[in-house]
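# Observations on the three-dimensional arrangement
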Amino acid sequence: MATMIARVVPAVGTGRARLLVERNLMVYRRTWLVLVSGFFEPLFYLLAIGVGIGALVGQVTGPDGHPISYTAFVAPALLASSAMNGAVFDSTFNIFFKLKHAKIYDSILATPVGAGDVALGEMTWALLRGLLYSVAFLTVMLAMGLVHSVWAVLALPAAALIGFAFASVGLAATSLIRSWQDFEFVQLALLPMFLFSTTFYPLSTYPRPLQIAVECTPLFHGVGLLRALTTGTVGWSLIGHAAYLAVMGLVGITIAARRFERLLLT
């Protein structure tokens, strides 16, 4: 994955991009509570909806057509949402503040670090933040007995792929945002995905036109990937899910690198 990213991002030195990751680590040493706070939202959803409503719902249709507990159905979807939220919020709100208000990148560009390095470094940090949330959430799933397959060992690489896809697109979107008010469009995109990407209901509950729309969303593919791995219903469809997210990430980081070069060097 790192090799593929380096090939599509022009003029990026991976060593210099790593300096951005180290800088963020140093910053968050003093504000670690902000870093870990994003983990609690999906955890609360799991306890309130997965466990609470799950006691009323009982079982639902799983990925292979067989019934599974509602909690086991919802948990991997919330894991995918956790990876998405960690990556998106770091690559949008935080990057916009650094870019437009703190003017941090103006100082960084006075060093050998280039605009492409900034894009790759910030994308990597956003990916790592999403992966951190995924590790914590998967640990909770294991403790609650919600992992039913040895294929779950691939859940973390899958969560990293989800984080890569959303972090890259988040960076590209941030390069187009003009003011804080434009972040309403980010929320407008994330909330419907969270609610409708088979997070809480099987795809079969939707009418066919809505099913087609849901199948086009990236979170649907992330949910499908993680749900199959944690329940053991592994099939060829996982290749399609993974390919969708990989292409999305590569396109996003390519656009983000070019946009950052234009914004920071002009």
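Everything quoted here is computed from the prediction, not taken from an experiment.

## Re the overall build of the protein
What the protein contains, in helices and strands, is 12 helices and two strands. Secondary structure of the protein in N-to-C order comes out as α-α-α-α-β-β-α-α-α-α-α-α-α-α. In terms of C-alpha radius of gyration, the protein reaches 19 Å, essentially the compact-globule figure of 18 Å for 266 residues. If one aligns the C-alpha atoms of the protein with their principal axes, the spans along those axes are about 60 × 40 × 35 Å. With 266 residues in all, the protein has 51% of them scored as buried. Once local pairs closer than 6 in sequence are excluded, the contacts in the protein between residues at least 24 apart make up 79%. Side chains of the protein give 16 positive and 11 negative charges; the mean places of these two sets differ by 5 Å.

## Observations concerning helix α11 (residues 218–231)
In this model, α11 (14 residues) spans 20 Å end to end at C-alpha, consistent with the 20 Å of a helix rising 1.5 Å per residue. With 13 of 14 residues buried, α11 is to be regarded as a mostly interior element. Backbone geometry just after α11 places Gly232 at a positive phi near 85°.

## Let's talk about the packing of helix α4 (residues 40–57) against helix α5 (residues 70–101)
Where α4 meets α5, the closest approach of the two axes is 9 Å, and the angle between their N-to-C directions is 165°. Put simply, α4 runs roughly antiparallel to α5. In the packing of α4 onto α5, the handedness of the crossing is right-handed. Along the contact surface, α4 presents Glu41, Pro42, Tyr45, Leu46, Ile49, Gly50, Val51, Ile53, Gly54 and Val57, while α5 presents Tyr70, Thr71, Val74, Ala75, Leu78, Ser82 and Asn85. Of the residues in the contact of α4 with α5, the class split is 11 nonpolar, five polar and one charged.

## Let's talk about the environment of Gly163
By the element assignment, Gly163 lies in helix α8 (residues 155–174). The class for Gly163 is buried, based on a relative accessible area of 1%. Considering only alpha carbons, one finds Gly163 and Leu109, 54 residues apart in sequence, at a separation of 26 Å. What Gly163 contacts, discounting residues up to four positions off in sequence, is Ala83, Ala87 and Leu127.

## Focus: the confidence of the model for the protein
Caution applies to low-pLDDT regions: their predicted coordinates should not be interpreted in detail. Chain-level pLDDT for the protein is 82 on average; 91% of the residues reach the 70-or-more range. Mean pLDDT per element in the protein: helix α1 (residues 2–8) is the minimum at 42, and α11 is the maximum at 93. Across residues 1–13, confidence stays below pLDDT 50; counting only partners more than four residues off in sequence or on other chains, it has 25 contacts.

## Concerning the side chain of Ser197
For Ser197, the position within the fold is in the loop between α9 (183–196) and α10 (208–215). Under the relative-accessibility criterion, Ser197 is labelled buried at 2%. At 2.7 Å, the side chain of Ser197 and the backbone oxygen of Met193 are in polar contact. At 3.3 Å, the side chain of Ser197 and the side chain of Thr217 are in polar contact. Not counting the four nearest positions on each side in its chain, Ser197 is found in contact with Pro192, Val214, Thr217, Leu219, Phe220 and Val223.

Cut-offs applied
By convention here, each chain's residues receive numbers from 1 onward along its written sequence. Only residues with pLDDT of at least 70 get local features here, since the model is predicted, and only at 80 or more are side-chain atom pairs given and counted; chain-wide, interface and lining totals rely on the full set of residues. To get the side-chain values, take all heavy atoms of the structure and skip hydrogens and water. Elements are defined by DSSP. Helices are runs of H or I of four residues or more, strands are runs of E of two residues or more, and each kind is numbered from the N terminus. Radius of gyration means the value over C-alpha atoms here, while the globule rule gives 2.2 Å times the residue count to the 0.38 power. The classification of residues rests on relative accessible area computed with a 1.4 Å probe and restricted to protein chains. Under 20% of the type maximum is buried, over 50% is exposed, and intermediate values are partly exposed. Contacts are assigned to residue pairs with any non-hydrogen atoms lying within 4.5 Å of each other. Counted as positive: Lys and Arg. Counted as negative: Asp and Glu. His and the chain ends are not counted at all. A charged residue contributes its charge at one atom only: NZ of Lys, CZ of Arg, CG of Asp or CD of Glu. For a helix, the expected span equals 1.5 Å multiplied by the residue count minus one. Working convention: axes come from line fits to C-alpha atoms, limited for helices to the stretch in contact. Angles between N-to-C directions cover 0 to 180 degrees. Each angle is binned into one of four classes, with values under 35 degrees roughly parallel, values over 145 roughly antiparallel, values of 65 to 115 roughly perpendicular, and all other values oblique. Crossings are assigned a handedness: left-handed for a near helix turned anticlockwise from the far helix by less than a right angle, right-handed for a clockwise turn. Polarity classes work like this: nonpolar for Ala, Val, Leu, Ile, Met, Phe, Trp, Tyr, Cys and Pro, charged for Asp, Glu, Lys and Arg, and polar for all others, with Gly in that last group. pLDDT: the predictor's confidence for each residue, scored from 0 to 100. As used in this structure description, the phrase polar contact means that two N or O atoms lie within 3.5 Å; if the pair is within protein, one of them must be able to donate a hydrogen and the other to accept it, and residues adjacent in sequence are counted only when both atoms belong to side chains.

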